[in-house]
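One letter stands for each residue in the lines below.
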Amino acid sequence: MKNDLMKCRDCVDLLLDYLDGNLDEKTQVDLDEHFSACPPCVNFLETYKSSSEVTTVLRDQEVEVPAAMEERLRSFLREQLSAAEPK
Amino acid sequence: MMNANSIDTQELLDGLKAQSALAVDNLVHHYSRPLFGVILNYTKNPSDAEEILQDTLLKIVRKIDTFRAESDIWPWMKRIAVNNSIMWLRKHRTARQVETQMDDSLPQFSRDGELQYPVFGWSVDPEEVILNSELSGQLYEAIQSLPYEYRVPLVLRDIEGYSIKQISSLLALKEATTKTRIHRARLFVRNKLSNYLDGTP
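How each quantity is defined
Residues numbered from 1 in each chain as written. Chains lettered and ligands numbered in written order. Predicted model: local features only at pLDDT ≥ 70, side-chain atom pairs only at ≥ 80, totals over all residues. Heavy atoms only, no water. Salt bridge = Lys/Arg side-chain N within 4 Å of Asp/Glu carboxyl O. Helix = DSSP H or I, 4+ residues; strand = E, 2+ residues; numbered from the N terminus. Buried < 20%, exposed > 50% of the residue type's maximum accessible area, 1.4 Å probe, protein only. Phe/Tyr/Trp six-rings, centres within 6.5 Å; stacked < 30°, edge-to-face > 60°. Lys NZ or Arg CZ within 6 Å of the ring centre and 35° of its normal. Domains from an automatic or database assignment. Contact = heavy atoms within 4.5 Å. Buried area = accessible area lost by both parts, 1.4 Å probe. Polar contact = N/O pair within 3.5 Å; in protein donor to acceptor, adjacent residues only side chain to side chain. Nonpolar A, V, L, I, M, F, W, Y, C, P; charged D, E, K, R; others polar. Arc of directions from axis to C-beta.

Structural notes on the pattern of salt bridges
All names here are of chain A. Per the stated rule, a full pass over the model turns up 16 salt bridges over all chains. Between Glu-71 and Arg-74 there is a salt bridge, and its shortest N-O distance comes to 3.0 Å. Note that Glu-71 and Arg-74 are positioned in helix H5 (residues 67-84) at a spacing of three residues, about one turn of the helix. For Arg-74, a relative accessible area of 15% gives the class buried.

Spelled out as structure tokens, the structure:
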């Protein structure tokens, strides 16, 4: 039986705070109770959490900079610095 | 990941402070790739990203005297790239994507608030995404197809690890708004990945 107080809709709305550990004790208990009786919401939680976690792979990723672009960047900086030179 | 081992940071710092041409060349050579990676999380348009990168490198050179030498230079450079990307997007973003695009990814509930369809579980390890270029492409595309208002808070939170408070302050949003946007962006990404992984919402 699903918890009468907490519906799947409420459960999904609370996922961000749930994962951040920001729920008050009562809401946390209600949500855990809902999870224990609602496999679809457990699956939803897993996939929501996984979606958030895999996104971290895009952190500090190096992306190829073509040689011509690197040259444009160098020229730009040289120009800017020489223009600012006479202090 | 950032490969900072191939360059002597102190030498680079001293060179940049002296505005040496060699140091500037080294900066471009060693840090353009990781900075470009950061910037491309905010805009997928390579020429926009190049413009932002150009401005980021110039700011790094000009602000080098404000860098505290006892800290790591990469987070400092990255912060400049992130701030620059946000400012650039704020200034240049044009037609907004329609809201319905976001609504399509929201879970559907019955009248009494229960999930309306079976939810299939899946879990992907970040390592798997790195090794699977098709999957990482799907993830990247999902993030890039988010409207700006949702993409930026998500990137700041889930990629860069900023707190809700920091994001709210950076984007001048109420914390509740920041949370809603991140949540909806995650639902969107989840939906796209679900469609790819098992062909169901």
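Considerations on the packing of aromatic side chains
For any pair of aromatic rings, the description rests on two quantities: the centre-to-centre distance and the angle between the ring planes. Throughout the structure, instances matching the rule amount to three aromatic pairs over all chains. Both rings, one in A:Tyr18 and one in A:Phe35, keep their centres 5.3 Å apart while their planes meet at 55°; by these two values the pair is tilted. Here A:Tyr18 is found in helix H2 (residues 15-20), whereas its partner A:Phe35 is found in helix H3 (residues 25-37), with 17 residues between them in sequence. Taken as a pair, A:Tyr18 and A:Phe35 share a single burial class, namely buried. Between B:Phe67 and B:Trp76, the aromatic rings sit 5.1 Å apart at their centres with planes inclined by 55°, giving tilted as the arrangement. Judged on exposure class, the residue B:Phe67 and its partner B:Trp76 are both buried. The ring of A:Phe44 carries B:Arg190 above its face, with NZ or CZ at 3.9 Å from the centroid.

A look at the domain arrangement of chain B
All names here are of chain B. Domains assigned within chain B are domain 1 (9-92) and domain 2 (100-198). Contacts between domain 1 and domain 2 engage 13 residues on the former and 13 residues on the latter. Overall, the association of domain 1 and domain 2 removes approximately 1,200 Å² of surface from exposure, summing both partners, and the carbon and sulfur fraction of that is 50%. The three residues of domain 1 that bury the most area against domain 2 are Asn-41, Tyr-42 and Lys-44, which together make up 47% of that side's buried surface. Our enumeration of links across domain 1 and domain 2 arrives at two salt bridges. With its nearest N and O atoms 2.9 Å apart, the salt bridge here joins Glu-160 to Lys-78. Along the contact surface separating domain 1 from domain 2 lie six residue pairs in polar contact (both at pLDDT 80 or more). Residue composition of the side of domain 1 that touches domain 2, by class: six nonpolar, three polar and four charged.

A few points about helix H1 (residues 9-17) of chain B
Residues and elements named next belong to chain B. Of all the positions in H1, only Leu-12, Leu-13, Gly-15 and Leu-16 are classed as buried. Down the axis of H1, the buried set is contained in an arc of 165°. They therefore lie on one face. Against helix H2 (21-39), helix H3 (46-62) and helix H4 (73-92) lie the buried residues of H1. Between the side-chain oxygen of the N-cap and the backbone nitrogen of Gln-10 there are 3.0 Å, and the N-cap of H1 in question is Asp-8. The positive-phi residue at the C-terminal boundary of H1 is Gln-19, with phi of around 55°.

A word on the interface of chain A and chain B
Across the contact, 43 residues belong to chain A and 60 residues belong to chain B. In total, about 5,000 Å² of surface goes out of reach between chain A and chain B, with carbon and sulfur atoms giving 63% of it. Considering only the side of chain A, the residues that lose the most area to chain B are A:Leu58, A:Asp60 and A:Glu62, jointly responsible for 13% of the buried surface there. Across the chain A-chain B interface, the total number found is seven salt bridges. For B:Lys78, the salt bridge identified is with A:Asp60, shortest N-O distance 2.8 Å. Connecting chain A to chain B are 21 residue pairs in polar contact (both at pLDDT 80 or more).

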